[in-house]
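Examination of the molecular architecture
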Amino acid sequence: MYRSPMTDRMNLFNANETKAQFVLSLLPITLFFPIGIGYTGIVLFVLALLAGGHYRDRWQTVRDSPMFWPVMCLLAVTCGAGLFLERPPGFWKAFLHYQIYLVLLIFISVGAGQWQQRALKVFFIGAVVAATLLYLNALQLLPDWALFQNYRMYAGNKSILIGILLGIAGCWMLNQICAQSRHRYLRFAVLLYVVIALLVLAKTRTGSLIFIFGSALVLLRYLTFSLRSALLVVATVLMIGIAWQTANGFRERLVGTAGDIKAFLDGGKVSAEGVRLEMYSITADIFKEKPIAGNGIGTWVIKYPERAKGLMSAEMATPHNDYLLYAAETGLIGVGALLWIWLTQLVVAVKIGGENGMRLFTIGIAIMFGGMVNAILRDALFGIAFMVLLSIPLAGIGRHAYQDRFGDVNK
C-alpha cells in the first residue's frame, strides 16, 4: 500500500494514523446534519492539522497532487479579476467562494492512509442513517428536533444536499458491489434501502439524476458477458424502474421540467419550478457584455436584479449554474480554469482506474452535472461537502505516479 513520506515521519495516531487523518475520516457523516456540525468538524480537523506540524511535508504532498496546478490557475485568474476588473461591495465574500478547491488541497495534504477506508464506511453509514430518517419522517415517527429539520420539511439547499449525498453514496455502493464479491447480497440490500429513500422520499431531482447517471457509468465500467453481470444490470434497472413508478413527486417534477423547457423555447410562460431557465437566459446576456474576462467577481448579484425587475427570479442570490456564473463574472478565461480542474479529476480517475478511479469519476461527473443546475461551488454548503468526498479518492495520488493507491479499501 502506498504511503506518502509525510505519513511515515509524522507523530502517529492509532496505528500509523495522524490525528488530522482520523478527524477527516469522520467528516462525511457530518454532511448529513445541520451545517454547524460539519463546520465544527472542520475546525477540529484544522486544529489537528496545525498541531501535527511537518508543514513542509504537507506542502510537498499538496504540490505533488495532480490537482495543484489547475487549482493554482483558478487562483491566479480570480486574483487577476480582483486586480483589474470591477470590485463591487461584497467582493471579498464572492472571491472566497471561488477558492473552494483550496480546501480540497488542505484535506489531501494529510496523505494516503487507512483513514480513507474508514471515511468510505462512515459515508455509507451516514447515507443509511439519512435514509432511515427519511423513512421515519414518512411514517410520522421522526422527532421534531432541530437536528432533523431538513428531513422533516424541504429547507432549501440543505435538503438538496442530502439528496445529492444519497445519490453519490448509491453510486459508490453499486461500484463496491460490482468490484467486490464479499457480502454482495447484503450490500445490494443496503443499496436498495438507500436508493428507495432517495427516489421516493428525498426532495430533490438532482440527487436522483446523479444516481441514475452514475449507476449507468458504473454498470458500463463493469459490464461483462456473464450471468452475474447480466443479473446485476437487470436488478439495478428494475430497482430504478420500480422507484420511478412509485416516486410520484420526482416523476412529476421531472416531467414538469421538460414542460418548462418546451414552454420557454416556445416563448411561453414557465412555472415557478422552471424559473432557472429565465435566470440562465438573463445571465447569458450578462456574459455577452464581456465574454473574455468577465464583468468582475461579485458583480452578478448587482447586474442580475437590474435586468430581472418584475420577474420571479429578481431576488435570487445565484444563477443556479456555476458555468454561467463563472462566465458572467470571470469570462471564458475563468470557465477555462474551472474546466481544467474538473477535467483533471476525470483524467486522473481514468488513469488510476480500478474501484477508486470509478469513485473519483462518478463524483467528478456529479460535480459537473450539479454545476449545471445548482450553485455547487458558489454555495459553501455544497462546495465543502464535495471537497470532503473528493479527498477520499484523491489523497495520496501523486502527479507523477498514477496508479490505484487506495490500499485496503479495494480488497
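Here, the structure is the one placed above.
The structure reproduced in this document is the subject of the present report. A quick note: this is a predicted structure, and the numbers were derived from the prediction, not measured. (Residues numbered from 1 in each chain as written. Predicted model: local features only at pLDDT ≥ 70, side-chain atom pairs only at ≥ 80, totals over all residues. Heavy atoms only, no water.)

The next point concerns the overall build of the protein chain. What the protein chain contains, in helices and strands, is 19 helices and 0 strands. For the protein chain, with 411 residues in total, the buried portion stands at 54%. In the protein chain, the proportion of contacts linking residues at least 24 apart, taken out of those at least 6 apart, comes to 76%. Total accessible area on the protein chain is roughly 18,000 Å²; 67% of this is exposed by carbon and sulfur atoms. (Helix = DSSP H or I, 4+ residues; strand = E, 2+ residues; numbered from the N terminus. Buried < 20%, exposed > 50% of the residue type's maximum accessible area, 1.4 Å probe, protein only. Contact = heavy atoms within 4.5 Å. Areas by Shrake-Rupley, 256 points an atom, 1.4 Å probe, with all protein chains shown as cover.)

Attention shifts here to the pattern of salt bridges. Enumeration over the complete set of coordinates arrives at 6 salt bridges. The closest approach of N and O atoms between Arg307 and Glu289, which form a salt bridge, is 2.2 Å. You can see Arg307 sitting in helix H16 (residues 300–307) and its partner Glu289 sitting in helix H15 (residues 275–289), a full 18 residues away along the chain. Using a relative accessible area of 32% as the deciding quantity, one classes Arg307 as partly exposed. Of the residues examined, Glu289 reaches a relative accessible area of 40% and is grouped as partly exposed. (Salt bridge = Lys/Arg side-chain N within 4 Å of Asp/Glu carboxyl O.)

Bringing the nonpolar core into the picture now. Counting residues in each nonpolar core, the largest one holds 116 residues, and the members touching the most others are Tyr101, Ile168 and Trp172. What Ile168 contacts, discounting residues up to four positions off in sequence, is Phe123, Ile210, Ile363, Ala366, Phe386 and Leu389. (Core = buried A, V, L, I, M, F, W, Y, C linked by side-chain atoms within 4.5 Å.)

This structure, assessed with the given rule, holds 15 aromatic pairs. Look at Phe91 and Trp92: their rings are 5.0 Å apart centre to centre, the planes differ by 75 degrees, and that puts the pair in the edge-to-face class. Assessed through its relative accessible area of 54%, Trp92 is described here as exposed. Their ring planes at 75 degrees and their centres at 5.2 Å tell us that Tyr323 and Trp342 sit as a pair that is edge-to-face. Here Tyr323 falls in the buried class, since its relative accessible area comes to 19%. When its relative accessible area of 0% is taken as the criterion, Trp342 is described as buried. Taken together, the ring pairs in this structure connect Phe32, Phe123, Phe124 and Trp172 into an aromatic cluster. Across the ring face of Phe91, the terminal group of Arg87 is positioned such that the distance to the ring centre comes to 5.0 Å. The ring of Tyr222 carries the charged tip of Arg221 above its face, separated from the ring centre by 4.7 Å. (Phe/Tyr/Trp six-rings, centres within 6.5 Å; stacked < 30°, edge-to-face > 60°. Lys NZ or Arg CZ within 6 Å of the ring centre and 35° of its normal.)

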